[in-house]
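Descriptive structure summary
Below are the chains, spelled out letter by letter.
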Amino acid sequence: MTFDRRKFLVATVASALAPQFASASDKLNIVATTGMIADTARQIGGNHVEVQALMGPGVDPHAYRQTRSDIAAMTRTDLVLWHGLYLEAQMEEFLVKLGRRRASIPVAEAMPRESLISHADYDGRFDPHVWMVPNLWREVAHSIAKAMSDARPALAKTFTANLARFEAELDALQAYGETTLATVPEAARVLLTAHDAFGYFGREFGYEVIGIQGISTESEAGLNRISSLVDMLVERKIAAAFVESSVSDRNIRALIEGAAAQNHTVAIGGELFSDAMGEDGTYEASYIGMIDHNITTIARALGGKTPERGLNGNLAVGS
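Since the structure is predicted, the reported quantities are computational estimates derived from the model, not experimental observations.

Cut-offs used in this document
- Residues numbered from 1 in each chain as written.
- Predicted model: local features only at pLDDT ≥ 70, side-chain atom pairs only at ≥ 80, totals over all residues.
- Heavy atoms only, no water.
- Helix = DSSP H or I, 4+ residues; strand = E, 2+ residues; numbered from the N terminus.
- Buried < 20%, exposed > 50% of the residue type's maximum accessible area, 1.4 Å probe, protein only.
- Contact = heavy atoms within 4.5 Å.
- Areas by Shrake-Rupley, 256 points an atom, 1.4 Å probe, with all protein chains shown as cover.
- Axes fitted to C-alpha atoms, helices over the stretch in contact; angles between N-to-C directions.
- Parallel < 35°, antiparallel > 145°, perpendicular 65-115°, else oblique.
- Nonpolar A, V, L, I, M, F, W, Y, C, P; charged D, E, K, R; others polar.
- Salt bridge = Lys/Arg side-chain N within 4 Å of Asp/Glu carboxyl O.
- Right-handed = clockwise from strand over helix to strand, strands pointing away.
- Core = buried A, V, L, I, M, F, W, Y, C linked by side-chain atoms within 4.5 Å.
- Phe/Tyr/Trp six-rings, centres within 6.5 Å; stacked < 30°, edge-to-face > 60°.
- Polar contact = N/O pair within 3.5 Å; in protein donor to acceptor, adjacent residues only side chain to side chain.
- Expected span 1.5 Å × (residues − 1).
- Pairing = 2+ DSSP bridges.

**A look at the overall build of the chain**
Looking only at helices and strands, the chain has ten helices and ten strands in total. Relative to its full complement of 319 residues, the chain shows a buried share of 54%. Put simply, 69% of the contacts in the chain that link residues at least 6 apart link residues at least 24 apart. When the accessible surface of the chain is totalled, it reaches about 14000 Å², and 51% of it is carbon and sulfur.

Laid out in structure tokens, this is it:
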């Protein structure tokens, strides 16, 4: 009998909802693995929740392993929200086991499979980077709201109302992406990044995406891969590459140096937020701000027209 990971995770979600949540007090205590999930839970929960994100700015979720303090937090909280789709590859075994004892919900696992991008090198797995497209993140936001409503039924109407407000912000962000990214000349719509985190972005907005590493940062880029990419950059006269806040820029620097050796200049188009959000306390530390930054940075670097400080006028100067 073969192991069906998806059925197992769906069953885990169902069993996770059975335990009683802590009813004392007041606020629903949530531990979220990523900043994107944590921010969305805060938007939906408002002042009725306390949310802790395990992974902060610049942290790579593909490689992250739970610490002792993480384990303590997850075993004591009311609700654990994690992404799934093998994003938290080093934590998944623990998170699934935790779901047998308390609510531990992989919020992206319920997404329709036809919406997901499969990967030839990862049999039965999908690209987890769905947060890159606001219309896809809406599905995850619904899963988060459902998990929170199941945890606190008395607050379900409040969570639903807050979700609707957040969805309106997602709609505005999606529209901004569509209009702003369309200002980039078609020939320039090539997005070269450190790892293949922008597949959904490219599919949604009509960009060719080239990642030096695969969909996980755990996959290494060999010398042959770097060499072939350098040749491609030179041949196609690609003028910009992007670093990522949660991934080493070593490979991007190697590409730039390799192209320079062939008398072709490649500039760094900017730093993108791929697997983690911006610094705490900034606009870019929100989901909306993170994607606003990416859209604006990409469009500006590739020759598009952008507002100076993004969709809401809140981006840091120089973003």
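Text resumes after the structure shown.
**Things to note about the packing of helix H5 (residues 134-151) against helix H6 (residues 156-181)**
Axis separation between H5 and H6 bottoms out at 10 Å; the angle between their running directions is 170 degrees. The pairing of H5 with H6 is recorded here as roughly antiparallel in orientation. Only Ala156, Phe159, Leu163, Phe166, Glu167, Leu170, Asp171, Leu173 and Gln174 of H6 make contact with H5, whose side of the interface consists of Pro134, Asn135, Trp137, Arg138, Ala141, His142, Ala145, Met148 and Ser149. A breakdown of the residues in the contact of H5 with H6 according to their chemical character gives eleven nonpolar, four polar and three charged.

**Structural notes on the environment of serine 245**
Position of serine 245 relative to the elements: it lies in the loop between strand S9 (240-244) and helix H9 (250-261). For serine 245, the residues in contact, after removing those within four places along its chain, are Gly58, Glu271, Leu272, Phe273, Ser274 and Ala276.

**What to know about the pattern of salt bridges**
For the structure shown, the criterion picks out nine salt bridges. Connected through shared salt-bridge partners, Arg138, Glu167 and Asp171 make up one network.

**Re the side chain of serine 149**
Among the secondary structure elements, serine 149 is positioned in helix H5. Its relative accessible area of 15% is what places serine 149 among the buried residues. Not counting the four nearest positions on each side in its chain, serine 149 is found in contact with Ala156 and Phe159.

**Digging into the pairing of strand S1 (residues 28-32)**
On any regular strand, side chains alternate: one points to one face of the sheet, the next to the other face. Burial analysis of S1 places four of its five residues in the buried class, which makes it a mostly covered element. With helix H2 (residues 35-45) bridging S1 and the parallel strand S2 (residues 49-53), this β-α-β connection has right-handed handedness.

**Some thoughts on the nonpolar core**
Within the largest apolar cluster, 65 residues are counted, with the highest numbers of intra-cluster contacts made by Leu81, Trp137, Met148 and Tyr287. Once you skip the residues sitting within four places of it in the chain, tyrosine 287 turns out to touch Met36, Asp39, Trp131, Val133, Pro134, Trp137, Phe166, Leu170, Leu173 and Met277. Within the second largest apolar cluster, 20 residues are counted, among which are Leu192, Leu229, Val230 and Leu233.

**A short note on the packing of aromatic side chains**
According to the stated counting rule, one finds five aromatic pairs in the structure shown. A ring pair is formed by phenylalanine 198 and phenylalanine 201, whose centres lie 6.0 Å apart and whose planes are at 85 degrees; its orientation type is edge-to-face. A single burial state applies to phenylalanine 198 and to phenylalanine 201, both of which are buried. Three or more aromatic residues joined by ring pairs form one cluster here, namely Phe198, Phe201, Phe205 and Tyr207.

**Considering the environment of tryptophan 131**
Relative to the elements of secondary structure, tryptophan 131 occurs in the loop between strand S6 (122-126) and H5. For tryptophan 131, a relative accessible area of 0% corresponds to the buried category. In this structure, the C-alpha to C-alpha distance between tryptophan 131 and aspartate 275, residues 144 residues apart in sequence, is 9.1 Å. What tryptophan 131 contacts, discounting residues up to four positions off in sequence, is Met36, His83, Leu87, Trp137, Ser274, Asp275, Tyr287, Met290 and Ile291. Within the local environment of tryptophan 131, its side chain forms a polar contact with the backbone oxygen of serine 274, the two atoms lying 2.7 Å apart.

**Comments concerning H6**
Taking 1.5 Å of rise per residue, 26 residues should cover 38 Å, and H6 covers 36 Å from first to last C-alpha, within 8% of that figure. Phe159, Asn162, Leu163, Phe166, Glu167, Leu170, Leu173, Gln174, Tyr176, Gly177, Thr180 and Leu181 are the residues of H6 that are buried. Residues of H6 that are buried in the fold lie against H2, S2, H5, helix H7 (199-205) and helix H10 (287-301).

**Observations concerning the sheet that holds S1**
Across the sheet, four strands lie side by side as S2-S1-S3-S4; this open sheet has parallel pairing. At either end of the open sheet lies a strand with only one pairing partner, and these are S2 and strand S4 (104-106). Averaged over all pairs of adjacent strands, the angle between their axes in this sheet comes to 25 degrees, without regard to strand direction. Pairing analysis gives three bridges linking S1 to strand S3 (residues 79-82), with the strands arranged parallel. Paired with valine 31 across the strands is valine 80, a residue of S3. Across the sheet, H5 lies against S1, S2, S3 and S4, angled at about 170 degrees from S3, the strand it touches most.

Scope: geometric values only; no functional claims are made or implied.
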